[in-house]
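So the chains spell out like this:
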Amino acid sequence: MKIKMKVKHLVYIGTFLIAIFVLLSKFIFPNAELYFAEKKIAAGKIEDKQEILELLKETPIESKKWDIIQDYMIDEGVLGGFDIYISPTMQEWGETEQTTIHFTKDEKIPFLIDYVKHAPANGYLVTAAKVLSLFYEKEGDIEKAKKVLYDTSKRFVSENYRYDRNELLIQRIRLTMNHGQFDEVNHYIVEIMESLDRLDLDMHAQIAQIRAEMLLQEGELDQAIEVVEQAIKDFEEGYEEEQEQWGEVDDQATFSELENRVYYDQLKSLKRTLINAHENNSEGKVVTVSGKVLRSDGTPVEGVGVYLRDKINVNRSVSPDEIYQVVTDREGRYEFHGVIPNNYQITLGFHYEQITGWTWSPDMYDWIDVDGSKDVTYDVTLQKLIAQKSPVNQEEITGDVVHFEWEEVEGAAYYGLFLAYEIDGGSISMELGTHIKDSTIDVKVEEIYNTGGGTAFGPEDAGDGKSMLAFTNPENRLSWSVTAYDKNNRVITESIGYRLNEDAIGNLPLFYLKQRELTKADKLLMDNKAEKALEQYLSNYDANPNDSHSIRMIIRLIGIKGDSTVETRDILAIPYMEKLALQSTNPKHAFDVVRYYYDNQKWETFNHWMDTFFSKEGQLTDYEHSIYASALMKQGKHDEASMEFEKALKKGLGNQFVGYWLANDIYRTGLSKEVVAIAKNYPEKFDYEETPNWSYRVNQLIEESKNYKIVQYEQELRRVLDMYFTGKEQELKEWINTTNKTEMKMFIMAVRNVS
């Protein structure tokens with residue numbers, strides 16, 4: 001059978017097929033290729049990265065291309081997102097649930113150039129321009145870095161995007177200032193101020209910060225403080241006006257609380273910083289903070305995020321709005337310009353592949369002190385994780401001793417050994433031993449049993465049996481770790497870290513203690529019958545006063561007979577604590593008793609138990625040593641206390657008890673040069689806003705004393721300090737409420753808040 005078809009029908013069919021081919025080749029196939037490419041990115045298939053980059057270059061579907069560039073090259077901010085953030089005060093995991101491909105700077109630049117020229121004008125465009133500008137700046141092309149910010153700002157034509165436009169112009173001003181081009185900065189500020197409304201509060205706040213920093217560059221600290229104080233006042237007034245205006249338009253509108261406004265918070269932080277610099281008689285000039293991130297073998301680590309954060313922000317999660325943020329270059333170098341005098345800590349952002357098998361273990365009091373007098377260098381060295389040898393891989397131990405062994409660390413003066421037991425939803429870690437000289441130690445199982453465990457302070461605190469039994473539960477899986485310290489008591493490295501590939505994993509430091517079986521009382525506790533369990537432990541103890549397991553469990557549970565206060569629990573527990581301290585070879589249990597008598601200021605008994613602690617070859621931590629020195633001070637042994645305070649504070653970095661040392665030595669020597677030196681050389685470095693500036697407080701005492709006869713002033717100061725040392729609290733309160741010596745009062749109140 002023949003089928004006849006007109007020529008025009010053939011033309012229609014041909015046209016249709018061509019259209020289908022064009023549709024498939026131009027839209028369907030590329031869209032499918034990009035879909036699968038994105039799946040490969042998410043799966044972290046590094047071998048497919050080049051294919052993904054080629055597809056992004058060739059695809060005609062711009063909207064999908066922009067989406068992928070946004071998700072994987074822009075979305076995580078100027079520095080990009082990191083898998084792990086490590087700082088002296090915290091460790092934080094990034095938001096990604098699995099490892100993804102990380103694109104390098106050179107891979108990103110062509111797509112970012114395309115994006116800032118052609119992608120839709122929105123928040124992603126702002127971030128893309130900032131990222132590209134940062135890349136140009138790191139290459140040394142400052143003019144190109146400024147130009148991309150300015151050119152991109154002109155793409156935000158609509159008034160709906162004026163905030164985005166101004167954000168880029170502010171970034172250009174800050175970049176220009178960081179490179180010392182102050183005349184140009186002033187010109188740019190005049191330009192942007194002409195376009196700002198009074199209620200562009202964030203922009204005005206940022207400009208004020210920039211002006212204050214420029215004044216600091218010129219050594220004008222007092223003027224910088226005035227600029228910031230005026231900016232805070234303007235922000236507060238503008239915020240009230242803003243609320244009134246929005247309230248008239250929409251009564252249901254919600255507002256950020258003033259204290260939660262990022263740039264207002266930054267102004268307040270800057271004011272505190274500048275006033276602190278003024279109090280310390282600092283030059284107040286801005287400086288450069290720089291350094292390198294290297295491995296212990298000397299290899300530089302490129303692409304690490306470096307964040308410089310003051311003590312107001314160190315405990316907050318890293319955000320895209322960080323004032324000081326850079327990434328390390330090929331040599332592992334980083335550099336911050338225009339850093340204001342303050343105390344800072346470094347936070348580092350790592351990708352998994354950068355940190356696996358390695359660790360950075362800074363001390364929580366490891367601060368960078370910027371006083372404005374000179375540039376600061378702060379290098380970071382990543383150390384290899386310590387390999388653990390025994391016990392490992394869920395070994396079951398039935399003997400009386402556990403043999404711990406690990407890899408020796410070069411330069412280690414001693415080691416600390418830590419154990420952890422599992423609870424529902426996590427684990428609890430306790431220190432087992434410190435100042436261990438060798439990379440091996442044998443520990444009696446009984447001493448492990450005596451370590452840790454939950455504590456009840458009232459009937460509601462009995463908790464679960466797993467937590468209370470802790471290491472004594474033969475069914476609980478235990479883990480251990482070790483930390484190496486140098487001769488200055490600083491951490492070198494540790495065994496806990498990121499072991500994210502087969503080479504780094506090594507032995508699993510897990511084991512079980514199977515030396516004992518659960519007793520009748522233990523089983524009652526595991527059945528959540530804490531009161532019955534306590535009665536059974538007490539009965540066991542009455543029958544056998546040397547029953548060490550019953551003693552430790554009574555100490556943990558006795559609080560359920562109390563009134564939920566620490567004081568009552570301690571009174572109930574102290575007879576059993578003393579019994580355990582005498583039985584145990586671990587000096588920690590003796591110091592637990594020492595601390596009880598310290599808190600209750602029973603000095604004769606305190607001294608007896610300190611002798612017991614030392615007889616067990618106890619090594620005092622910096623905190624425990626400070627407690628010991630404080631006890632000597634309160635007993636009137638001021639010369640001895642002064643020597644012990646010096647030893648204690650040299651052990652640590654936080655200087656938590658420096659206020660006591662100052663009080664003790666003012667009592668000894670008056671307002672002497674030695675006291676001034678202590679306050680200057682041992683600043684307290686806790687990270688809360690109310691931390692005293694002891695150097696300022698001492699200097700204020702000296703200034704106030706000039707209004708009186710110095711002998712009489714110091715006599716009164718000694719008299720008031722003696723009230724505190726000897727616990728004459730009522731007399732001290734009466735003096736505080738009636739004295740006209742403001743600075744002396746402020747100093748005494750700060751001393752009362754020590755520790």
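Residues numbered from 1 in each chain as written. Predicted model: local features only at pLDDT ≥ 70, side-chain atom pairs only at ≥ 80, totals over all residues. Heavy atoms only, no water.

**Some details on the confidence of the model for the chain**
Okay, step 1: Looking at the chain as a whole, its pLDDT mean stands at 86, while 88% of the residues score no less than 70.
Okay, step 2: No element of the chain has a lower mean pLDDT than helix α1 (residues 7-43), at 49, and none a higher one than strand β14 (residues 401-406), at 97.
Okay, step 3: A low-confidence stretch, residues 21-30 stays under pLDDT 50, and its non-local contacts, those more than four residues away or across chains, total 11 contacts. (pLDDT = per-residue confidence, 0-100. Helix = DSSP H or I, 4+ residues; strand = E, 2+ residues; numbered from the N terminus. Contact = heavy atoms within 4.5 Å.)

**Focus on the packing of aromatic side chains**
Okay, step 1: The full count for this structure, using the stated rule, is 30 aromatic pairs.
Okay, step 2: Ring pairs connect the aromatic residues Y623, F657, Y660, Y667, Y724 and F725, which therefore count as one cluster.
Okay, step 3: Above the plane of the ring of Y188 lies R172, whose end atom (NZ or CZ) is 3.7 Å from the centre. (Phe/Tyr/Trp six-rings, centres within 6.5 Å; stacked < 30°, edge-to-face > 60°. Lys NZ or Arg CZ within 6 Å of the ring centre and 35° of its normal.)

**A few points about the sheet that holds strand β12 (residues 388-390)**
Okay, step 1: Pairing in this open sheet of three strands is antiparallel, and the strands run β12-β14-β17 from one edge to the other. Looking at which strands have only one partner, the edges of the open sheet turn out to be β12 and β17 (440-444). Recorded for the sheet is a direction-independent mean angle of 25° between the axes of neighbouring strands.
Okay, step 2: Strand direction decides the pairing type here: β14 and β17, joined by five bridges, are antiparallel. (Pairing = 2+ DSSP bridges. Axes fitted to C-alpha atoms, helices over the stretch in contact; angles between N-to-C directions.)

**Examining the nonpolar core**
Okay, step 1: Residues L525, Y537, F606, Y660, L662 and F747 are the most contacted members of the largest nonpolar core, which totals 79 residues.
Okay, step 2: Here L525 is in contact with G465, M468, L469, A530, A533, Y537, M553 and L557, once residues within four sequence places are set aside. (Core = buried A, V, L, I, M, F, W, Y, C linked by side-chain atoms within 4.5 Å. Buried < 20%, exposed > 50% of the residue type's maximum accessible area, 1.4 Å probe, protein only.)

**Points about a negative patch on the surface**
Okay, step 1: Together, E218, E220, D222, E226 and E229 make up a negatively charged patch on the protein surface.
Okay, step 2: Turning to its location among the elements, E218 is positioned in the loop between α9 (201-217) and α10 (221-249). (Patch = residues over 30% accessible without salt bridge, like charges linked within 9 Å, V, L, I, M, F, W, Y side chains within 5 Å. Areas by Shrake-Rupley, 256 points an atom, 1.4 Å probe, with all protein chains shown as cover. Salt bridge = Lys/Arg side-chain N within 4 Å of Asp/Glu carboxyl O. Lys, Arg positive; Asp, Glu negative; His and termini not counted. Charge placed at Lys NZ, Arg CZ, Asp CG, Glu CD.)

**Remarks on α9**
Okay, step 1: When the terminal C-alpha atoms of α9 are compared, their 25 Å separation across 17 residues agrees well with the 24 Å that a helix rising 1.5 Å per residue should span.
Okay, step 2: Counting buried positions along α9 gives 14 out of 17 residues, so the element sits mostly inside the fold.
Okay, step 3: Phi turns positive, to about 80°, at G219, one or two residues after α9. (Expected span 1.5 Å × (residues − 1).)

**With respect to the pattern of salt bridges**
Okay, step 1: Within the structure shown, the criterion is met by 35 salt bridges.
Okay, step 2: For the salt bridge of E322 with R309, the shortest nitrogen-to-oxygen distance reads 3.1 Å. With E322 in the loop between β4 (305-310) and β5 (324-327) and R309 in strand β4, this pair connects stretches of sequence that are 13 residues apart.
Okay, step 3: The class of E322 is buried, set by a relative accessible area of 13%.
Okay, step 4: The residue D366 makes a salt bridge to R490 at a minimum N-O spacing of 3.0 Å. Remark: R490 occurs in the loop between β18 (478-485) and β19 (491-494) and D366 occurs in the loop between β8 (358-359) and β9 (368-370); sequence separation between them is 124 residues.
Okay, step 5: Residue classification places D366 among the buried positions, given a relative accessible area of 11%.

**Comments concerning the pairing of strand β3 (residues 287-295)**
Moving residue by residue along a regular strand, the side chains alternate between the two faces of the sheet.
Okay, step 1: For β3, the buried fraction is high: seven of the nine residues fall into the buried class.
Okay, step 2: For β3 and strand β6 (residues 333-339), the ladder comprises five bridges, and the chain directions are antiparallel. Along β6, the bridge assignment pairs K292 with R333.
Okay, step 3: As judged from the two bridges shared by β3 and strand β10 (residues 376-377), these two strands associate in the parallel manner. Among the inter-strand pairings, S290 is bridged to a residue of β10, identified as T377.
Okay, step 4: Strand direction decides the pairing type here: β3 and strand β11 (residues 380-384), joined by three bridges, are parallel.

**Some words on unusual backbone geometry**
Okay, step 1: Here the amide bond leading from S390 into P391 is cis, since omega sits at -5°, within 30 degrees of zero.
Okay, step 2: Here P391 is to be found in the loop between β12 and β13 (395-397).
Okay, step 3: Positive phi is not limited to glycine here, since Q394 has a value of about 65°.
Okay, step 4: Considering the arrangement of structural elements, one finds Q394 in the loop between β12 and β13.
Okay, step 5: With phi around 55°, A470 is a residue other than glycine that occupies positive phi space.

**Observations concerning helix α5 (residues 123-138)**
Okay, step 1: Its 16 residues place the ends of α5 23 Å apart at the C-alpha level, agreeing with the 22 Å of an ideal helix rising 1.5 Å per residue.
Okay, step 2: Looking at α5, one finds that the buried residues are L125, V126, A128, A129, K130, V131, L132, S133, L134, F135 and Y136.
Okay, step 3: Of the surrounding elements, those touching the buried residues of α5 are α3 (62-74), α4 (105-118), α6 (142-153) and α7 (162-178).
Okay, step 4: N-capping of α5 is provided by N122, with a side-chain oxygen placed 3.0 Å from the backbone N of Y124.
Okay, step 5: Just downstream of α5 lies G140, where phi reads positive at about 90°. (Polar contact = N/O pair within 3.5 Å; in protein donor to acceptor, adjacent residues only side chain to side chain.)

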